[in-house]
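Remarks on the overall topology
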There are 2 protein chains.
Amino acid sequence: MKDAPEMLIPTYDDVLAAEARITPYIHRTPVLTSSYFNDLTGAELFFKCENFQKAGAFKVRGASNAVFGLSDAMAAKGVATHSSGNHALSLSYAAGRRGIPCHVVMPRTAPQAKKDAVRGYGGIITECEPSTSSREAVFAEVQAKTGAEFVHPYNDPRVIAGQGTCSKELTAQVEGLDAVIAPIGGGGMISGTCLTLSTFAPQVKIYAAEPEQADDACRSFKAGHIIADDAPNTVADGLKVPLKELTWHFVSNHVTDILTASEEEIIDAMKLIWKRMKIVMEPSSAVPLATILKNRDVFAGKRVGVIITGGNVDLDALPWIKA
Amino acid sequence: MKDAPEMLIPTYDDVLAAEARITPYIHRTPVLTSSYFNDLTGAELFFKCENFQKAGAFKVRGASNAVFGLSDAMAAKGVATHSSGNHALSLSYAAGRRGIPCHVVMPRTAPQAKKDAVRGYGGIITECEPSTSSREAVFAEVQAKTGAEFVHPYNDPRVIAGQGTCSKELTAQVEGLDAVIAPIGGGGMISGTCLTLSTFAPQVKIYAAEPEQADDACRSFKAGHIIADDAPNTVADGLKVPLKELTWHFVSNHVTDILTASEEEIIDAMKLIWKRMKIVMEPSSAVPLATILKNRDVFAGKRVGVIITGGNVDLDALPWIKA
């Protein structure tokens, strides 16, 4: 890693090291195609299905790289995070495979299904009050007590290098890609994609896709500095978090454009993917297709990798079904 | 085909001819595995994903074999059927690929979504009243007017030979299978499976899976003759139809056992497959897993092919969500 004054920026060598490290613990996910969506968009779309990934999302790549990169002494103390989403599941899974504890700080008000899922992967939950101050205080206590290594969901060079293995696989599976598009929340997947493609396949353009209702990355991109929104609301609940320094570095340097879609467009695209491709994926994963459908001119005639980031969705509360 | 006095029984050569004929028009569907379901059942399960098939179900194999096996003179008059489910979609798709008309007789009361789906694949709908007598009268009219070739959804040697290509693919994709299990309604898929495996891999046991609430095939199997129920009701709506002579021939000669599952077991298995494997499939396709889960001793320690027959499901009316 290059040692910058303010942060450790991962390099392509870190992606290669991550790949060697995590291969035994993750799936090489398939790439699906659909003549229906090719006809609809005028592009050739290649869907990289991380919804089929271990623990149900690409996040297991970065989490596994962090967990298996620890020295034995550090690993013995475990890992910790305060995500309650896919990162918590993935970190719990990876820690379980290494046989070390994973501590997850979650608000006591989090849905029981999310708590059950984390515990299902072996995570140890410590509950906090639903406020940032309580979360930070409880997390500090857990760390002080256990010495566990904090693994941030995205603003961590180990995590970004792990996510970079996804587009490395994709370019090996599909020749001659013109572009890759992935959803953007905190920017971990997009940063890993930038890291890999800017070195390994710099001719491939990188697009990020974001909900209109949580378009802080898009506005950051246009403004030239990080803009963080306070608690945006979107059905694409994996994409509510803001960019941080490390991910901003990659986004600002390597992304061609950030496109947005409305809630309705996201839900329609999600349902259409379920209906036509017969795959279960999260609302966040539908944002790229939603933006492709409304930006036909950008992608028509191109070979486009579309990263389906995850498949962990509440089957009892699908967004197109009114309760 | 062997010319029996009462019926034409397809042979394995017909499967090979079907394979050569339909390969350009269908997908070689993937086989998925799940460490979760292996742990849960104690078996090694290999899910043959016909939900990813063209037109969303295995039925396109038999329909394509029938359509592309017609002489040019016969084909010019088109094909016809009175199914309103996957067979109608598949026949419409295959006819479209050959550039010939496909006539579908459907009750005027059929759900608009089903009519739209058939029309979406190019089928030409003639509506009848929702009664057997009206259906038969209208169908006879359509045939008389058009001269279209009737393709039965399952009691047709061309259709059975086409369905037989599925287990041929499966045995090429997975070595050393001990058993294959598929849902049974009219018995087209099971018959094709029997036809192929009894010749090509006779050591593989064949199990059929059926809803308790539509267990006419199971009772036929035990009684030694066809028992047809009048309008059984089950969430597995592809499995309501009875066995006919041709499919009874295969079921009675080559099936090891027919296992059943309750509505609740089917719905639970369906939801669990969606949740853990991230695939969209029909209730009918969940019946095999439901029976494996309740007959652990039969399958534990075995390598079992599980045919996921289709993925055409109404996403607005999922059976685990109460309206």
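Cut-offs applied
Residues numbered from 1 in each chain as written. Chains lettered and ligands numbered in written order. Predicted model: local features only at pLDDT ≥ 70, side-chain atom pairs only at ≥ 80, totals over all residues. Least-squares fit on C-alpha atoms with pLDDT ≥ 70 in both. Contact = placed C-beta atoms within 7 Å. Nonpolar A, V, L, I, M, F, W, Y, C, P; charged D, E, K, R; others polar. Pairing = 2+ DSSP bridges. Helix = DSSP H or I, 4+ residues; strand = E, 2+ residues; numbered from the N terminus. Core = buried A, V, L, I, M, F, W, Y, C linked by C-beta atoms within 7 Å. Buried ≥ 20, exposed ≤ 12 C-beta atoms within 10 Å, placed from the backbone. Axes fitted to C-alpha atoms, helices over the stretch in contact; angles between N-to-C directions. Parallel < 35°, antiparallel > 145°, perpendicular 65-115°, else oblique. pLDDT = per-residue confidence, 0-100. Domains from an automatic or database assignment.

**Re the relation of the copies chain B and chain A**
Here chain B sits on chain A after a turn of 180° about the axis and a move of 0.0 Å along it, with an RMSD of 0.0 Å. Here the copies are linked by what is in effect a two-fold axis. Residues of chain B ranked by C-alpha distance from the rotation axis are headed by Ile279 of chain B, positioned 2.2 Å from it. A shared interface surface links the copies, since 100% of the contact residues of chain B are contact residues in chain A too.

**Some remarks on the interface of chain B and chain A**
Of the residues lining the interface, 15 residues belong to chain B; the matching set on chain A comes to 15 residues. Its residues assigned to classes, the side of chain B that touches chain A comprises 8 nonpolar, 3 polar and 4 charged.

**Considering the sheet that holds strand β6 (residues 102–107) of chain B**
Residues and elements named next belong to chain B. Pairing in this open sheet of 4 strands is parallel, and the strands run β7-β6-β5-β8 from one edge to the other. Only two strands of the sheet have a single neighbouring strand rather than two, namely β7 (124–128) and β8 (149–150). In this sheet, β7 lies alongside β6 in parallel orientation, the contact comprising 5 bridges. The residue bridging Val104 from the neighbouring strand is Ile125, located in β7.

**Details of the environment of Asp39 of chain B**
Its place among the elements puts Asp39 of chain B in helix α2 (residues 35–41). Spatially, the C-alpha atoms of Asp39 of chain B and Ala300 of chain B are 10.0 Å apart, while their sequence positions differ by 261 residues.

**Some remarks on the sheet that holds strand β8 (residues 149–150) of chain A**
Residues and elements named next belong to chain A. A sheet is described by the order of its strands in space; here 4 strands give the open sequence β7-β6-β5-β8, paired in parallel fashion. The two strands at the open ends of the sheet, each matched to only one other strand, are β7 (124–128) and β8. As paired strands, strand β5 (residues 79–81) and β8 are joined by 2 bridges and run parallel to one another. Across the sheet, residue Val79 finds its bridge partner in β8, namely Glu149.

**A few points about the nonpolar core**
Formed by 200 residues in total, the largest nonpolar core has its most connected members in Val79, Val180 and Ala208 of chain A together with Val180 and Ala208 of chain B. Setting aside anything within four residues of it in sequence, one finds Ala208 of chain A in contact with Ala182, Ile184, Ile190, Ala217, Val251, Val255 and Ile258 of chain A.

**Some details on the packing of helix α12 (residues 263–277) of chain B against helix α13 (residues 283–294) of chain B**
Residues and elements named next belong to chain B. At a closest axis distance of 7 Å, the pairing of α12 and α13 adopts a crossing angle of 105°. Viewed along their axes, α12 and α13 adopt a mutual orientation that is roughly perpendicular. Of the residues in α13, those in contact with Glu265, Ile266, Ala269, Met270 and Ile273 of α12 are Pro283, Ala286, Val287, Leu289, Ala290, Leu293 and Lys294. Looking at the contact of α12 with α13, its residues break down into 10 nonpolar, no polar and 2 charged.

**Describing the confidence of the model for chain A**
Looking at chain A, pLDDT values average 95 and 98% of them are 70 or higher. Below a pLDDT of 50 lies the segment residues 1–5 of chain A, which in the model reaches 10 contacts outside its immediate sequence neighbourhood of four places, other chains included.

**Quick look at the domain arrangement of chain A**
All names here are of chain A. Entries for chain A in the domain assignment read domain 1 (2–58 + 156–308) and domain 2 (60–150). Summarising the inter-unit geometry, the C-alpha centres of domain 1 and domain 2 are found 24 Å apart. Of the residues lining the interface, 22 residues belong to domain 1; the matching set on domain 2 comes to 16 residues. Of all the secondary-structure elements, those providing two or more residues to the side of domain 1 that touches domain 2 are α1 (12–22) and α8 (157–173). It is α8 that provides the largest number of residues to the side of domain 1 that touches domain 2, a total of 8 residues.

**Here we look at unusual backbone geometry**
All names here are of chain B. Positive phi, close to 60°, is recorded for Ala55, a residue that is not glycine. Looking at where Ala55 falls in the secondary structure, it is placed in the loop between β4 (44–49) and α3 (59–68). Among the residues examined, Ala55 registers 27 C-beta atoms within 10 Å and is labelled buried. In this structure, Lys278 is a non-glycine residue whose phi angle is positive, near 60°. You can see Lys278 is positioned in the loop between α12 and α13. With 24 C-beta atoms counted inside 10 Å, the residue Lys278 sits in the buried group.

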